[in-house]
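Structural overview for review
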Amino acid sequence: MSAPHPESPAGAYGWRPIIIIACLFFIIGFVTWLNGPLITFVQVAFNLSTVSAFLVPMCFYLSYLIFPLPATLLAQRTGLRSGLVVALVIMAVGIAIFGECVSMRWYPGALSGLFVIGAGLSLLQITINPYVTLLGPTQKAAQRIAIMGVANKLAGIVAPIVLAMLVMRNINDIASRVKAAPDATTRDHILDQFAHAVQVPYLAMAVILLVTAVGLARSSLPEIDISGAGQGTDSDDDGQDTRRGPTYLWLGVLCMFVYVGTEVMAGDAIGAYGASLGLPLDQTKFLTSLTLAAMMGGYILGMFLVPRVFSQERYLGLSALCGLVLCVLTWLTQGYVSVMCVALFGFANSMILPSLFPIVIRDVEERGAQATALLVMAFSGGAVLPQLFVQFMPVMGVQSAFVALMAPAYGLIVLYNVLIHRRNRARPVPVMMVES
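Residues numbered from 1 in each chain as written. Predicted model: local features only at pLDDT ≥ 70, side-chain atom pairs only at ≥ 80, totals over all residues. Heavy atoms only, no water.

Some words on the overall build of the protein chain
To keep it simple, the criterion reads: The numbering of helices and of strands both runs from the N terminus, where a helix is a DSSP run of H or I of at least 4 residues and a strand a run of E of at least 2. Burial classes follow relative accessibility: with a 1.4 Å probe on protein chains only, a residue under 20% of its type's maximum area counts as buried, one over 50% as exposed, and anything between as partly exposed. Here, two residues are considered to be in contact whenever any of their heavy atoms come within 4.5 Å of each other. The method behind every accessible area is Shrake-Rupley, applied with a 1.4 Å probe, and residues are considered shielded solely by the protein chains displayed.
For the protein chain, the helix and strand inventory stands at 21 helices and zero strands. When burial is assessed residue by residue, the protein chain has 59% of its 436 residues classed as buried. Long-range pairs, those at least 24 residues apart, make up 86% of the contacts in the protein chain with a sequence separation of at least 6. For the protein chain, the accessible surface area stands at approximately 16800 Å², while carbon and sulfur atoms represent 66% of it.

Rendered as structure tokens:
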């Protein structure tokens, strides 16, 4: 094997493993960011209230609370490469369950499918993030993760568009026909035809995941020891600040919890937000792609600015401050302008997780795997904030409810950043993580 160029993020294994893992990050993004348009889809297909439709992100992200610790134990037993294969198989099963249950219009079964998909993604997150970090030289880890982030965001842009074009092309017309249906039989017939359209695309996705799992198992992807997952975080404290480590760890996990909630609010709830302001469903079904486009733009900008211009800590604070400014603009504006402000939360959010993750694990080198599990468990914030949003909407109004949840989340991240800035005298850490 020829040696990689010294400026290349590829290590001794070359570019082939990086390309394979980037494809897996594309899959993570594609599956995760389908939730936004799915909220609109299930609300029409199952004739649901907004609160019931938002069970989609709740069931999906609750799995992150339950499965990361078992996934960590499994990954430690099987190794990272085998863990990736098992994760893809679990996701394929969940996607098949979801597609079949939606086509039969059995909502509890569809939610259970989302829960299984989330379980597979939990294992995938636990295995793939340490894998890409340890795949090459530590000092180039940020560049490798930047490649993964672009693949993830690209999938997030494409996925809602694909779903909208394949199964939601005439959703406005379907909703109007359901409201005008003279009886329950006619209404159910319309909805049965609409829901059945999801069966073939989801079955195809399940087959693609299974084929990918088989290909991954037979590939030359190197086996990497998970015991190194917590290494590579440097500290100049020399153990003098260990008493404060757990406090900062749990505060950082809380920040991750509220951050993922804001990410899901901006990406998945934007459709409901736009519909509440009077935008037609034929437009709101594409709004998640706008948020993800803003996220990818922010991620690419962050690749060039961190650490050349700003440290991770400084960029984390600036990102959260940008979120606070957007909260004010979202509250003060109306219609399309307000919706565009919500989409721009994707830009503010883009570098929060890649900056937050290495800061959180800085003091827990020897417990890197456990800290990673806790941070992935914090992804369950994506289940909580959207549910609070739909509960607050009837009482406070859509804009006030949205800002009342988003602003404190960014405020907490700013507070954490200030505390870390005062305490942290260690040099920047290259270990980073890409969101789901």
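Next comes the rest of the description.
Quick word on the pattern of salt bridges
As a reminder of what qualifies: Whenever Lys or Arg places a side-chain nitrogen within 4 Å of a carboxyl oxygen from Asp or Glu, that contact is recorded as a salt bridge.
As enumerated under the stated definition, the model contains four salt bridges in all. Between Asp-188 and Arg-187 there is a salt bridge whose closest N-O contact spans 3.7 Å. Between Lys-285 and Asp-282 there is a salt bridge, with its nearest N and O atoms 3.6 Å apart. Assessed through its relative accessible area of 29%, Asp-282 is described here as partly exposed. A single network of salt bridges, built from pairs that share partners, joins Arg-105, Arg-187, Asp-188 and Asp-192.

Observations concerning the packing of aromatic side chains
For clarity, the threshold we go by: Stacked, tilted and edge-to-face are the three classes assigned to paired rings of Phe, Tyr and Trp, where Trp is represented by its six-membered ring and a pair needs centres within 6.5 Å; plane angles under 30 degrees give stacked, over 60 edge-to-face, the rest tilted.
Inspection of every chain in the model, using the stated rule, returns 15 aromatic pairs. Three or more aromatic residues joined by ring pairs make a cluster, and in this case those are Phe-54, Tyr-273, Phe-345, Phe-389, Phe-402 and Tyr-410.

Regarding the nonpolar core
Just so we agree on the cut-off: We call a set of buried residues a nonpolar core when its members are Ala, Val, Leu, Ile, Met, Phe, Trp, Tyr or Cys and they connect through side-chain atoms within 4.5 Å of each other.
Formed by 139 residues in total, the largest nonpolar core has its most connected members in Ile-21, Phe-41 and Phe-389. Residue contributions to this core peak at 13 residues, all from helix H21 (residues 398–423). The residues contacting Phe-389, other than those within four sequence positions of it, are Met-265, Ala-269, Tyr-273, Val-398, Ala-401, Phe-402 and Leu-405.

Description of a nonpolar patch on the surface
Cut-off, in case you're wondering: To count toward a patch, a residue needs a relative accessible area over 30% and no salt bridge; like charges are then connected within 9 Å, while nonpolar side chains (Val, Leu, Ile, Met, Phe, Trp, Tyr) are connected within 5 Å.
On the surface, a nonpolar cluster with roughly 410 Å² of combined accessible area is contributed by Val-384, Leu-388, Phe-392, Val-395 and Met-396. Among the secondary structure elements, Leu-388 is positioned in helix H20 (residues 381–396).

Some remarks on the packing of helix H2 (residues 35–45) against helix H4 (residues 55–66)
Applicable threshold: All axes here are fitted lines through C-alpha atoms, helices being fitted over the stretch that makes contact, and every angle between N-to-C directions spans 0 to 180 degrees. Here roughly perpendicular refers to angles of 65 to 115 degrees, roughly parallel to angles under 35, roughly antiparallel to angles over 145, and oblique to all remaining angles.
At their nearest, the axes of H2 and H4 sit 9 Å apart, and the two run at 135° to each other. The orientation of H2 relative to H4 falls into the category oblique. Of the residues in H4, those touching H2 at Asn-35, Leu-38, Ile-39 and Val-42 are Val-56, Pro-57, Phe-60 and Tyr-61.

Quick look at the side chain of Ser-355
Its place among the elements puts Ser-355 in helix H18 (residues 352–360). Residue classification places Ser-355 among the buried positions, given a relative accessible area of 1%. Once residues within four sequence positions are removed from consideration, Ser-355 is found in contact with Gln-312, Tyr-315 and Leu-316.

A few points about empty space enclosed by the protein
The cut-off we apply is this: Each cavity reported here is a set of points on a 1 Å grid over the protein atoms alone in which a 1.4 Å probe fits but cannot get out, each pocket an open set with protein on both sides within 12 Å along at least five of seven lines, and each lining residue one with an atom within 4 Å of a point. Grid points are joined across faces, edges and corners, and a volume is the space filled by probe spheres set on the points. When residues are sorted by character, Ala, Val, Leu, Ile, Met, Phe, Trp, Tyr, Cys and Pro go into the nonpolar class, Asp, Glu, Lys and Arg into the charged class, and all the rest, Gly among them, into the polar class.
The full count for this structure, using the stated rule, is three cavities of 30 Å³ or more. Taken as a whole, the second largest cavity encloses approximately 60 Å³ of empty space. Lining of the second largest cavity is provided by Val-31, Leu-34, Asn-35, Leu-38, Phe-60, Ile-95, Leu-114, Ile-117, Tyr-202 and Met-205. Those elements that provide at least two residues to the lining of the second largest cavity are H2, helix H7 (107–134) and helix H11 (199–218). For the lining of the second largest cavity, the per-class residue count stands at nine nonpolar, one polar and no charged.

A closer look at H11
Filter applied, for reference: To estimate how far a helix should extend, the number of its residues minus one is multiplied by 1.5 Å.
Taking 1.5 Å of rise per residue, the 20 residues of H11 would be expected to cover 28 Å, and the 29 Å separating its terminal C-alpha atoms lies within 8% of that figure. For H11, the set of buried residues is Gln-199, Pro-201, Tyr-202, Met-205, Ala-206, Leu-209, Ala-213 and Leu-216.

Quick notes on helix H5 (residues 68–78)
Rule in force here: The arc in question is traced by the directions running from the helix axis to the C-beta atoms.
Every buried residue belonging to H5 is among Pro-68, Ala-71, Thr-72 and Ala-75, and all of these are buried. All buried residues of H5 fall inside an arc of 105° around its axis, so they share one side. The outward face of H5, more than 90 degrees from its buried face, is lined by the exposed residues Leu-73 and Arg-77. Looking at the residues trailing H5, positive phi occurs at Gly-79, about 90°.

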